[in-house]
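Read off the chains here:
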Amino acid sequence: MDTAQDTAPDPAPDRAQDTPPPHQAVLDEVAPRLRRLRAQRGLTLAALSEVTGISKSTLSRLESGQRRPSLELLLPLASAYRVPLDDLVGAPEVGDPRVRMAPRSLPDGGTSVALTRGPGPLQAYKMIIPDRGSEPDLRTHEGYEWLYVLDGRLRLVLAEHDLVLGPGEAAEWDTRLPHWFGSADGRPVEILSLFGRQGERMHVRAKPRA
């Protein structure tokens, strides 16, 4: 008689086991890199074993990919080959976090410096806004903007609102609303601006213009 255990379907395969571990591609390249280095140095396995203290069989398995590389094995090899450990492993480079700032002139005057790299959903700028005259030229476009006044006095015209922001004050708005901003007193004003189609909102009150 068949039992429930005999007729039960096989359990579904564990798909997590089919997923290679992180950096597997980097580890797979260690073996051929070790073979190339030894060939370039003109060393035999016996000579390398004498220098590193690692057995010939272990070195052979490392170079064939049958032995998983470990720090205790790679450190003496890096020393023997006189190469940095990162070069021996072929670790991916870490990107330079510094932003190379290149000021550019704005079409209607002033200067803008991008503080972010790449085409992400949110972009940051440092801007110096000059006196743009007393007649605001209101504009609309897709997006959302948040700005913070670093120095000077900024006049912000937003739909029916006419505001003045001083250092330490911020404002945010949907850029589909008619808006304009410039110097409030004829002197340049320095601001930080965050712009994106979906920006993070920070609710900071601004005092109405007197």
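Residues numbered from 1 in each chain as written. Predicted model: local features only at pLDDT ≥ 70, side-chain atom pairs only at ≥ 80, totals over all residues. Heavy atoms only, no water.

Asker: If you had to explain the overall build of the protein chain to someone new, which residues and values would you point to?
Answerer: Within the protein chain, the regular secondary structure consists of 8 helices and 9 strands. Across the 210 residues that make up the protein chain, the buried fraction comes to 30%. Summarising the internal contacts of the protein chain: among those between residues at least 6 apart in sequence, 61% fall at separations of at least 24. As displayed, the protein chain offers around 14200 Å² of accessible surface, 52% of which is attributable to carbon and sulfur atoms. (Helix = DSSP H or I, 4+ residues; strand = E, 2+ residues; numbered from the N terminus. Buried < 20%, exposed > 50% of the residue type's maximum accessible area, 1.4 Å probe, protein only. Contact = heavy atoms within 4.5 Å. Areas by Shrake-Rupley, 256 points an atom, 1.4 Å probe, with all protein chains shown as cover.)

Asker: Could you give an account of the sheet that holds strand S8 (residues 179–183), with specific residues and numbers?
Answerer: Ordered in space as S6-S5-S8, the 3 strands form an open sheet in which the pairing is antiparallel. Each edge of the open sheet carries a strand with a single partner, namely strand S6 (161–165) and S8. On average, each strand axis in the sheet is inclined to that of its neighbour by 15 degrees, with strand direction left out of account. For strand S5 (residues 154–158) and S6, the ladder comprises 5 bridges, and the chain directions are antiparallel. In the strand pairing of S6, Leu154 is matched with Leu165. (Pairing = 2+ DSSP bridges. Axes fitted to C-alpha atoms, helices over the stretch in contact; angles between N-to-C directions.)

Asker: Just give me the short version of the confidence of the model for the protein chain, but keep the residues and values in it.
Answerer: The predicted coordinates ought not to be read in detail in places where the model reports low pLDDT. Here the protein chain shows a mean pLDDT of 78. Residues at 70 or above account for 73%. Across the protein chain, the secondary-structure element scoring lowest on mean pLDDT is helix H1 (residues 4–7), at 42, and the one scoring highest is S6, at 94. Note that pLDDT drops below 50 for residues 1–17; the model gives that stretch 2 contacts with residues more than four away or on any other chain. (pLDDT = per-residue confidence, 0-100.)

Asker: Could you give me a rundown of the side chain of Thr175, with the residues and numbers involved?
Answerer: When you line up the elements, Thr175 lands in the loop between strand S7 (170–174) and S8. Within the local environment of Thr175, its side chain forms a polar contact with the backbone oxygen of Gly143, the two atoms lying 2.8 Å apart. Beyond its immediate sequence surroundings of up to four residues, Thr175 is in contact with Arg139, Thr140, His141, Glu142, Gly143, Tyr144, Glu145 and Phe195. (Polar contact = N/O pair within 3.5 Å; in protein donor to acceptor, adjacent residues only side chain to side chain.)

Asker: Report on the pattern of salt bridges, specifying residues and quantitative values.
Answerer: If you walk through the whole model with that rule in mind, you get 6 salt bridges. Note that Asp162 is salt-bridged to Arg155, the shortest N-O span being 2.8 Å. Given a relative accessible area of 29%, Asp162 falls into the partly exposed group. Between Arg187 and Asp185 there is a salt bridge, with the nearest N and O atoms lying 3.0 Å from each other. (Salt bridge = Lys/Arg side-chain N within 4 Å of Asp/Glu carboxyl O.)

Asker: Give a description of the environment of Arg41 that names residues and reports values.
Answerer: Structurally, the position occupied by Arg41 is in helix H4 (residues 30–41). Along the sequence, Arg41 and Tyr81 sit 40 residues apart, while their C-alpha atoms lie 7.8 Å from each other. Apart from the residues lying within four places of it in its own chain, the contact partners of Arg41 are Tyr81 and Val83.

Asker: Got a sec to walk through the environment of Ser105? Specific residues and values, please.
Answerer: Structurally, the position occupied by Ser105 is in strand S1 (residues 104–105). Sequence separation of Ser105 and Ile128 is 23 residues, and the distance between their C-alpha atoms is 9.7 Å.

Asker: Any details on the environment of Arg68? Residues and values, ideally.
Answerer: Turning to its location among the elements, Arg68 is positioned in the loop between helix H6 (56–64) and helix H7 (71–81). In sequence terms Arg68 and Val30 are 38 residues apart; their C-alpha atoms lie 9.2 Å from each other.

Asker: Provide a residue-level description of the packing of H4 against H7, including the pertinent values.
Answerer: Axis separation between H4 and H7 bottoms out at 11 Å; the angle between their running directions is 30 degrees. Comparing the axis directions of H4 and H7 gives the class roughly parallel. As H4 runs across H7, the sense of the crossing is left-handed. Of the residues in H7, those touching H4 at Val30, Leu34, Leu37, Arg38 and Arg41 are Leu74, Leu77 and Tyr81. Classifying every residue of the contact of H4 with H7 gives 6 nonpolar, no polar and 2 charged. (Parallel < 35°, antiparallel > 145°, perpendicular 65-115°, else oblique. Left-handed = near helix turned anticlockwise from the far one by under 90°. Nonpolar A, V, L, I, M, F, W, Y, C, P; charged D, E, K, R; others polar.)

Asker: Describe the nonpolar core, listing the residues and the values that go with them.
Answerer: Within the largest apolar cluster, 15 residues are counted, with the highest numbers of intra-cluster contacts made by Leu156, Phe181 and Ile191. Sorting the residues of this core by element identifies strand S3 (122–129), strand S4 (144–151), S5, S6, S7 and strand S9 (189–196) as the ones contributing at least two each. No other element matches the 3 residues that S5 contributes to this core. Beyond its immediate stretch of four places on either side in the chain, Ile191 contacts Tyr125, Lys126, Met127, Ile129, Leu147, Tyr148, Val149, Leu150, Leu154 and Phe181. Listed in part, the 14 residues of the second largest apolar core include Val30, Leu59, Leu73 and Leu74. (Core = buried A, V, L, I, M, F, W, Y, C linked by side-chain atoms within 4.5 Å.)

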